[in-house]
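Geometric and topological summary
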Amino acid sequence: MSLMFSSPVVTPALGSFTFSSRPRSNYIVMSAVRSNSASTCPILTKFQKDCDTPTPYLRNVANAIADDMRDGLAVEGGGDLEMILTFVDALPSGNEEGLFYALDLGGTNFRVRSVQLGGKKERVLATESEQISISQKLMIGTSEELFGFIASKLASFVAKEKPGRFLLEEGRKRELGFTFSFPVKQTSIDSGTLSKWTKGFKVSGMEGKNVVACLNEAMEAHGLDMRVSALVNDGVGTLAGARYWDEDVMVGVILGTGTNACYVEQKHAIPKLRSKSSSGTTIINTEWGGFSKILPQTIFDLEMDETSLNPGEHLYEKMISGMYLGEIVRRVLLHMCETSDLFGHFVPAKLSTPLALRTEHLCKMQEDNTDDLRDVGSILYDFLDVEANMNARRRVVEVCDTVVKRGGRLAGAGIVAILEKIEKDTKRMGSGKRTVVAMDGALYEKYPQYRQYMQDALVELLGHKLASHVAIKHTKDVSGLGAALLAATNSIY
Ligand code: BGC
């Protein structure tokens, strides 16, 4: 268990990035590519050309995302972006008090958290959390197995609670904010049906089912007296958790295994919202991973998509998120090996193994500053069983850079589409108001080149003047706090 914050959770190393109003002269690109470029290789040259995202092209991508946002807000299923109504109309104010829980399910780990909220002055009095890994078997098993496992871990977490630190008011049931990070058609703040699985999950019989009911049944079966008061996406949780500390947060973005963005929208700008009140704001979960138009798809992207668990779906996610970047690189390297002797005449068996190369390996290779690209050599040796000469090492790094640059720049275009939508309705940046994008996810956190490409694209498209009012704030792991806060806001008591 870990004890956590009483102040904003911003990773010190990254903190908050505000765009300067002065143009920057150039990118900081990894030294491995900056130094001697790999000798010409037609496959690499073509791949680089196919992945290229010059500013005018990126502008078209941002505009196409904006069009799909508008269409998705107009009618259900109107555009690639689902633009899900989250029923979160009120964001945390700081006044929340009491003991609340959060359960975060969205990747290969899930996290449980308890939070004792002390109101405006004291904020987070105590919090504890525990992270538990989910086996591959559970990710593709049955809903009873998955939720049974989660409920049992949640029950033992609650059983370990120290009474002195956490206090449940008498007569109250424990209340939980459930962060479920998959596309859900939300039917109220505390219910919603799963539209489809993403990120390698494929639990049988769950699509179209109410995910809260699945969790409730499992909690009951484990004798856990707890109710779900808020069902939220991780993007919504990030936005809510970050907003608790900073009123200027308008967008929550996840760039990790998967990707998504949620933002504060004016109700009058949502034609499909059939409620009588059209004043005020609400949070929209864009599910932007589903965007699919005018993307620079290569043969490698197409092949990877075909063999994925969700072919034809979440194509933008498959170009910009952490689960896929390593796999795209592996496929390009395999092709270079088979057709142009990348590693001599030998095609290493491991290079044919899906997912053998992970995004974190790309990052390590791009960070290699040694003259002989020693780290690149070791990673290729350790993970692909390959002895690569200097030229091959350089080529590998160029492939990594091409994929990461494309991903980062496309992610930047998505953020711009959202910021411009906010700007159109509120004119906040134009009037000099600071606008914060709360960001979470290991890809953003751990991959400096990706971050840089994303930020550069954002300035290129938004222009220096507007960009100077934007802050990208790395708010690590606040989605659990956000979910607990939303459980408090929507408490039945
Ligand atoms: C899911 C989103 C989620 C994102 C980040 C995507 O695959 O569709 O709901 O927010 O991953 O976890």
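All of these numbers come straight from a predicted model, not from anything done at the bench. (Residues numbered from 1 in each chain as written. Predicted model: local features only at pLDDT ≥ 70, side-chain atom pairs only at ≥ 80, totals over all residues. Heavy atoms only, no water.)

Description of the layout of surface pockets
Counted as a void, the second largest pocket has a volume near 460 Å³. Surrounding the second largest pocket, 24 residues form its lining, Glu76, Leu85, Phe87, Lys185 and Lys272 being those nearest its centre. Elements with a minimum of two residues in the lining of the second largest pocket: strand S3 (84-85) and strand S8 (184-188). Tallying contributions element by element places S8 first for the lining of the second largest pocket, with three residues. Taken together, the residues that form the lining of the second largest pocket break down as eight nonpolar, eight polar and eight charged. (1 Å grid on protein atoms, 1.4 Å probe; cavity = no way out; pocket = protein on both sides within 12 Å on 5 of 7 lines; lining within 4 Å. Points joined across faces, edges and corners; volume = space filled by probe spheres on them. Helix = DSSP H or I, 4+ residues; strand = E, 2+ residues; numbered from the N terminus. Nonpolar A, V, L, I, M, F, W, Y, C, P; charged D, E, K, R; others polar.)

Some words on the UniProt feature "domain: Hexokinase N-terminal" (unreviewed entry) in the protein chain
Here the UniProt-annotated "domain: Hexokinase N-terminal" (unreviewed entry) positions come out as residues 44-244. Here residues 44-244 runs as 37% helix and 27% strand, with 47 Å between its end C-alpha atoms. (UniProt positions renumbered as here; feature names shortened; annotations may be inferred.)

Focus on empty space enclosed by the protein
Applying the stated criterion to the full structure yields five cavities of 30 Å³ or more. Along its surface, the largest cavity is lined by Ile84, Thr86, Phe180, Phe182, Val184, Gln186, Leu231, Val232, Asn233, Val236 and Asn285. For the lining of the largest cavity, the secondary-structure elements that each account for two or more residues are S8 and strand S10 (226-232). Tallied by class, residues from the lining of the largest cavity come to seven nonpolar, four polar and no charged.

Overview of helix H12 (residues 359-366)
For H12, the tally of buried residues reaches six of eight residues, placing the bulk of the element in the interior. Three or more residues of H12 are buried, namely Thr359, His361, Leu362, Cys363, Met365 and Gln366. Buried residues along H12 sit against helix H11 (322-340), helix H13 (374-384), helix H14 (390-426), helix H15 (442-446) and helix H16 (448-462). (Buried < 20%, exposed > 50% of the residue type's maximum accessible area, 1.4 Å probe, protein only. Contact = heavy atoms within 4.5 Å.)

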